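One letter stands for each residue in the lines below.
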Amino acid sequence: MTEAQQDVIELLTHDHREVEQMFQQLEGLRGQTDEASKKRRKELVDQVIIELVRHSVAEETQVYPQVQAKVSAEEAERAKHEHSEAEETMKALDGMDPDDPQFEAQLETLMREIREHVAEEEGEMFPHMRTVFSEQELVELAGKVQQVKKIAPTHPHPAVPNERGARLATGPVAGLFDRMRDAVTGRGRESD
């Protein structure tokens, strides 16, 4: 299936796999204390946070309102709550150095939270969506998610409520400032 025809479930599942690959790389570097390994861990954590924030904002603004309306308000609320918890963890981890005594604990918490969230989405929400939404609706929703991800923030903003209106109102501005800050600091660019 081409990217233009990819449906939202395929798109979000692909995002999940990319983050899981980064988690596995981070686990492979656990216990490494040389400078190159610590630098790589920091780069990977930054990239995980960037991807998770963009993914979360897109889900909160485009997917969860549709799930709430057509599938299950309970599933949408549970997913938003899980995002809120993970966002608090990402906020604590954002900017933290791998030498920080809390780094490993926060990273472990984030990986557990995200893995549990992914299991629920892929095991419950996505199958429910497949039964309720038409293929065309799922493809259209993928396009909307891709558009939001382009302008979404790259840092966690847990003070912003995980509601569609609040995220749509603040997302583009926060995203612009986040990307400007990232450009200045080099965050999100892998080293050569």
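This structure is a prediction, so every number in the text was calculated from the model and none was measured.

Scanning the protein chain from terminus to terminus reveals six helices and zero strands. If you list the helices and strands of the protein chain from N to C, you get α-α-α-α-α-α. Per-residue burial for the protein chain yields a buried fraction of 47% across its 192 residues. Nonlocal contacts in the protein chain, meaning residues at least 24 apart in sequence, comprise 77% of its contacts between residues at least 6 apart. Entry remark: accessible area of the protein chain is about 9,600 Å², with carbon and sulfur atoms responsible for 53%.

This paragraph deals with the confidence of the model for the protein chain. Summarising the model, the protein chain shows a mean pLDDT of 86, and 80% of its residues fall at 70 or more. In the model of the protein chain, helix α6 (residues 164-185) stands out as the element of lowest mean pLDDT, 56, in contrast to helix α1 (residues 8-28), which has the highest, 97.

Inspection of the secondary structure assignment puts H16 in helix α1. Residue class for H16 comes out buried when judged on its relative accessible area of 7%. Those residues in contact with H16 that lie beyond four places of it in its chain are H55, E59, V118, E121, E122 and F126.

Glancing now at the nonpolar core. Ranked by size, the top nonpolar core spans 42 residues in total, and within it V8, V48, V63, L93, L110, I114 and M129 carry the most contacts. At eleven residues, the largest contribution of residues to this core is made by helix α2 (residues 35-70). In this view, M129 contacts V8, I9, V63, V67, V71, L138 and L141; residues no more than four positions away in its chain are not counted.

This paragraph deals with the pattern of salt bridges. Within this structure, the stated rule accounts for 19 salt bridges. A salt bridge links R54 to E51, with the shortest nitrogen-to-oxygen separation between them at 3.2 Å. With R54 and E51 both in helix α2 and three residues apart, the pair spans about one turn of that helix. For E124, the salt bridge is made with R78, and the minimal N-O distance between the two is 2.9 Å. Here R78 lies in helix α3 (residues 73-93) and E124 lies in helix α4 (residues 103-132), a separation of 46 residues in the sequence. Assessed through its relative accessible area of 34%, E124 is described here as partly exposed.

Looking now at α2. The terminal C-alpha atoms of α2 lie 50 Å apart, and with 36 residues this matches the ideal 52 Å at 1.5 Å per residue to within 8%. Its maximal kink placed at E60, α2 deviates by approximately 45°. The buried fraction of α2 amounts to 26 of the 36 residues, a majority that puts the element mostly inside the structure.

A separate point is α1. Look at α1: 30 Å from first C-alpha to last across 21 residues, which is about the 30 Å you get at 1.5 Å a residue. All buried positions along α1 are accounted for by V8, I9, L11, L12, D15, H16, V19, M22, F23 and L26. One face of α1 carries all of its buried residues, which in axial projection span an arc of 165°. As for α1, its buried residues are in contact with α2, α4 and α5 (135-151). For α1, the N-terminal cap is D7; the gap from its side-chain oxygen to the backbone nitrogen of I9 is 2.9 Å.

What follows deals with the environment of K80. Within the secondary structure, K80 is located in helix α3. Under the relative-accessibility criterion, K80 is labelled buried at 8%. Sequence separation between K80 and E59 is 21 residues, and the spatial gap between their C-alpha atoms is 8.9 Å.

The next thing to look at is the packing of α2 against α3. Where α2 meets α3, the closest approach of the two axes is 10 Å, and the angle between their N-to-C directions is 160°. When the axes of α2 and α3 are compared, the pair comes out roughly antiparallel. Considering how the two elements wind past one another, α2 and α3 form a crossing that is left-handed. Residue-level inspection shows V45, I49, L52, V53, S56, E59, E60, Y64, V67 and Q68 of α2 in contact with α3, the latter providing A73, E75, A76, E77, A79, K80, H83, M90 and L93.

About the thresholds
- Residues numbered from 1 in each chain as written.
- Predicted model: local features only at pLDDT ≥ 70, side-chain atom pairs only at ≥ 80, totals over all residues.
- Heavy atoms only, no water.
- Helix = DSSP H or I, 4+ residues; strand = E, 2+ residues; numbered from the N terminus.
- Buried < 20%, exposed > 50% of the residue type's maximum accessible area, 1.4 Å probe, protein only.
- Contact = heavy atoms within 4.5 Å.
- Areas by Shrake-Rupley, 256 points an atom, 1.4 Å probe, with all protein chains shown as cover.
- pLDDT = per-residue confidence, 0-100.
- Core = buried A, V, L, I, M, F, W, Y, C linked by side-chain atoms within 4.5 Å.
- Salt bridge = Lys/Arg side-chain N within 4 Å of Asp/Glu carboxyl O.
- Expected span 1.5 Å × (residues − 1).
- Bend = angle between axes of the 7 residues up to and from the residue.
- Arc of directions from axis to C-beta.
- Polar contact = N/O pair within 3.5 Å; in protein donor to acceptor, adjacent residues only side chain to side chain.
- Axes fitted to C-alpha atoms, helices over the stretch in contact; angles between N-to-C directions.
- Parallel < 35°, antiparallel > 145°, perpendicular 65-115°, else oblique.
- Left-handed = near helix turned anticlockwise from the far one by under 90°.

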